[in-house]
Amino acid sequence: MTRDEILRWLKVADTDDLERLWAAADATRHRYVGDEVHLRGLIEVSNVCQRSCAYCGIAACAPRVERYRMTQEDILECADKALEYGFGTVVMQAGEDPGITGDWMAETIQKIKHRTGLAITLSLGERCEADLRAWRDAGADRYLLRFETTDPDLYRRIHPSLPGGVSDRIHQLLRMRELGFEIGTGVMVGLPGQTWETLANDIWTFRDYAMDMIGIGPYIPSPGTPLDGPLGEMLQVEAATEQVPNDPLTTLKTLALTRLVCPETNIPSTTALATLDPASGRANGLQRGANVIMPNLTQSKYRVLYQIYPGKAGLHETADITAARIRNQIETLGRRVGVGPGTSPRMAQR
Ligand code: SAH
């Protein structure tokens, strides 16, 4: 598929064409990564953040956010649950929190590895080379860092760099790959100012860098953030008729096309998609290219404070219920829960 074909397919609205797209994505998923759905347990380690991303509900500038950072004991309790539920991986995610020091996280990684043997994924934002190296040495296997959009101008406006630095997430991902991490990235669909052309470029970029994991979710406006206010309005006006909508359909088209151009990659059916379409978002994702789900393991008292966007699916559930519900959903679709770490085929071949 060429970049122009991706662009054309993104804009498709005809029901028959869409059915063809869904069928092709599902068949490609089946052929390249099989019927297993890998479960990665999400641990929301901290909602402290030093960045001012214009889309995010826990950005440094976000008002009225009660901040928390888990203790190692809290994190280990979640990791034990992952083992108990038969998940192959834990994903530690947080705001870009300087209070999560290199040493403390390295020790946490070692403890989880020692206790559970699970694969460990990190999603802790943009960190210095020394931290990344220490975490890899401590046993971390994967790193998730979405590049959010390939439009450099839009990126600068929604994801300001820290003073004295320039944020280049693709460069950081490639550096992580050199350090031996499996690398995961992704974008939000329907960001104000995102054009069809940009979205096609995003998909093309996933392919170009052969990303191991790709997370695609709709942008969900977070009240009180700049992107939900004047900045968002201004960007939308600039994109005019080329503005991509932030709806489930466009998200699913993006996901399906990503599966077609990156057949072997691990693609989650995201919580953001389930949030916009609680009845069928998860299932649709799994049937249109996805092969991963990231059930939330975070303790309820923290979970309610990690609101990067409002109304997050599963916000008021316990981890037990989330795990059981998702397992049931996978089986209802005639799929199997994956066993083992679910390493990306590209890494497994090495
Ligand atoms: N601090 C880490 C983790 C951020 S949360 C980092 O910056 O990488 C993980 C992802 O959630 C982000 O990369 C972004 O793509 C997504 N996200 C943030 N705010 C969102 C919103 N309002 N709507 C939808 N997705 C959002």
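Residues numbered from 1 in each chain as written. Predicted model: local features only at pLDDT ≥ 70, side-chain atom pairs only at ≥ 80, totals over all residues. Heavy atoms only, no water.

1. Quick word on helix H14 (residues 319–332)
For clarity, the cut-off: Strands here mean DSSP runs of E at least two residues long; helices mean DSSP runs of H or I at least four residues long; both are numbered from the N terminus. To estimate how far a helix should extend, the number of its residues minus one is multiplied by 1.5 Å. Relative accessible area decides the class of each residue, using a 1.4 Å probe on protein chains only: under 20% of the type maximum gives buried, over 50% gives exposed, and in between gives partly exposed. Throughout, the arc means that of the directions going from the helix axis to the C-beta atoms. Pairs of residues are marked as contacts when any of their non-hydrogen atoms sit within 4.5 Å.
End to end, H14 covers 20 Å across 14 residues, agreeing with the expected 20 Å (1.5 Å per residue, within 8%). Restricting attention to buried positions, one finds in H14 the residues Ala319, Thr322, Ala323, Ile326 and Ile330. Buried residues in H14, looked at end-on, bunch into an arc of 95°, giving them a common side. Looking at the buried positions of H14, the neighbouring elements they touch are strand S1 (36–46), helix H3 (72–84), helix H12 (281–287), strand S7 (292–293), helix H13 (300–303) and strand S8 (336–337). Phi turns positive one or two residues past the end of H14, at glycine 334, with a value near 75°.

2. Side note on the pattern of salt bridges
Short version of the rule: The rule for a salt bridge is simple: a side-chain nitrogen of Lys or Arg has to be within 4 Å of a carboxyl oxygen of Asp or Glu.
By the definition in use, this model includes 26 salt bridges. Of the charged contacts in the structure, one is a salt bridge between glutamate 197 and arginine 3, with a shortest N-O distance of 2.8 Å. Taken as a pair, glutamate 197 in helix H8 (residues 196–208) and arginine 3 in helix H1 (residues 3–10) lie far apart in primary sequence, 194 residues in all. Across the pair arginine 69 and aspartate 97 runs a salt bridge whose closest N-O atoms are separated by 2.6 Å. With a gap of 28 residues between them, arginine 69 in the loop between S1 and H3 and aspartate 97 in the loop between strand S2 (89–94) and helix H4 (102–116) connect regions that are remote in the sequence. By sharing partners, the salt bridges in this structure join Arg51, Glu96, Glu126, Glu148 and Arg169 into a single network.

3. Some words on the side chain of arginine 40
Selection rule: Note that His is not counted, nor are the chain ends; the positive residues are Lys and Arg, and the negative ones are Asp and Glu. A 3.5 Å cut-off defines polar contacts: any pair of N or O atoms within that distance qualifies, except that in protein one atom must be a possible hydrogen donor and the other a possible acceptor, and neighbouring residues in sequence count only when both atoms are side-chain atoms.
Its place among the elements puts arginine 40 in strand S1. Within the buried set, arginine 40 has no salt-bridge partner at all; the shortest N-O distance to an opposite charge, 5.7 Å, is to glutamate 182. A distance of 3.1 Å separates a polar atom in the side chain of arginine 40 from the backbone oxygen of proline 341. Arginine 40 has contacts with Phe87, Thr89, Val91, Arg142, Asn266, Val292, Ile293, Met294, Pro295, Pro341 and Gly342, leaving out every residue within four places of it along the chain.

Note that all results are geometric; they support no functional claim without further evidence.
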